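Residue strings, one per chain:
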Amino acid sequence: MRAYRLLAGLAIVAAFACPAWAQTVDRLYIMDCGHNAATDQSRWSPGVNVGKPIEFSDNCYLIRHGTEWLLWDTGFPDAVADRPTITPVGTATRAKKLAAQLAEIGVKPADIAYVAVSHTHGDHVGNVDMFPTSTLLIQKAEMDWAFAPGKTPPFAKDRPMRELSGDLDLFGDGSAAILSTPGHTPGHQSLLVHLPKTGWVVLTGDAAHFKDNWDNDRVPSINTDAAATHASRARLAEIVAEKKAQLWINHDLPTSQGQKHAPQFYD
Ligand SMILES: [Zn+2]
């Protein structure tokens, strides 16, 4: 299985290395999709940094490719923005609604052709139902897991959807590739995008939650498969090295604080 994943990783690296084929998306907007905090970061790094508090960013990423829009992750539900802003540690907050950030740049939910989610935890799928006409791109393994009998469905299942079994070159030109990176959840996925000036960027999803965990390859206790987590990170690291890509860790607050957010964008 490990060898298979390695081969799959090398195949996609080889495919994206072809300059004649590799095109770019036009723009990438980072949207503020919430904030959370915890009193003990060792939940994400077992045995390490016990009792040390941590704060998390939660971003959504809106990508324009020609006339098409792709939204990567949807964050905490917009309703969280209506709650009081002073809350106990561990309660999510939202400074701005996703709907408001889309409106600010003149994009309506119906304009978004594709919504892809890294996985089905509530800080990533909170607004999926805001996009009932968009095609949802999600791994079949994630759907099977999230909609297993007895679990609370994370969003309405009756909607346009493409269930994936592995990687997807979304626009067919190498500019945006969904990468299967299981481990945090059974059908976790990441996104590789190519921008004209910024270059290659890997959007991790929760393949790692913050930089220290990525650097030391520490696996959160809540992950469904530790071995798969290590393999997925090895795969992403290989792609980052090959493409000289930037690694944008969604929940790493210092990374997020150093980035441009909508209405500014990366091109
Ligand atoms: Zn998350």
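Below or above, wherever it landed, is the structure these notes cover. (Residues numbered from 1 in each chain as written. Predicted model: local features only at pLDDT ≥ 70, side-chain atom pairs only at ≥ 80, totals over all residues. Heavy atoms only, no water.)

A few words now on the coordination of the zinc ion. The coordination sphere of the zinc ion contains the protein donors Asp123 (OD), His124 (NE2), Asp206 (OD) and His251 (NE2), at a distance range of 2.1 to 2.2 Å. Around the zinc ion, the four donor atoms sit at angles spanning 89 to 164 degrees, and that spread fits a shape best called irregular. Spacing between the donor residues of the zinc ion along their common chain follows D-H-x81-D-x44-H. Asp123 sits in the buried class, given a relative accessible area of 16%. (Donors = N, O, S within 2.8 Å, 3.2 Å for Na, K, Ca; no water. Tetrahedral: all angles 85-135°; square planar, octahedral: opposite > 155°, others 65-115°. Buried < 20%, exposed > 50% of the residue type's maximum accessible area, 1.4 Å probe, protein only.)

To continue, consider the packing of aromatic side chains. In total, this model carries seven aromatic pairs according to the counting rule given. Look at Trp44 and Phe56: their rings are 4.7 Å apart centre to centre, the planes differ by 65 degrees, and that puts the pair in the edge-to-face class. Here Trp44 is found in the loop between strand E1 (27–38) and strand E2 (54–65), whereas its partner Phe56 is found in strand E2, with 12 residues between them in sequence. Centroid distance Phe56 to Phe210: 6.1 Å. Interplanar angle 40 degrees. Geometry classified as tilted. (Phe/Tyr/Trp six-rings, centres within 6.5 Å; stacked < 30°, edge-to-face > 60°. Helix = DSSP H or I, 4+ residues; strand = E, 2+ residues; numbered from the N terminus.)

This part covers unusual backbone geometry. With an omega of 10 degrees, the peptide bond between Ala262 and Pro263 qualifies as cis. Mapped onto the elements of the fold, Pro263 is located in the segment after helix H7 (253–257). Backbone geometry places Asp217, a non-glycine residue, at a positive phi of 50 degrees. With respect to the secondary-structure elements, Asp217 resides in the loop between helix H5 (211–216) and helix H6 (226–243).

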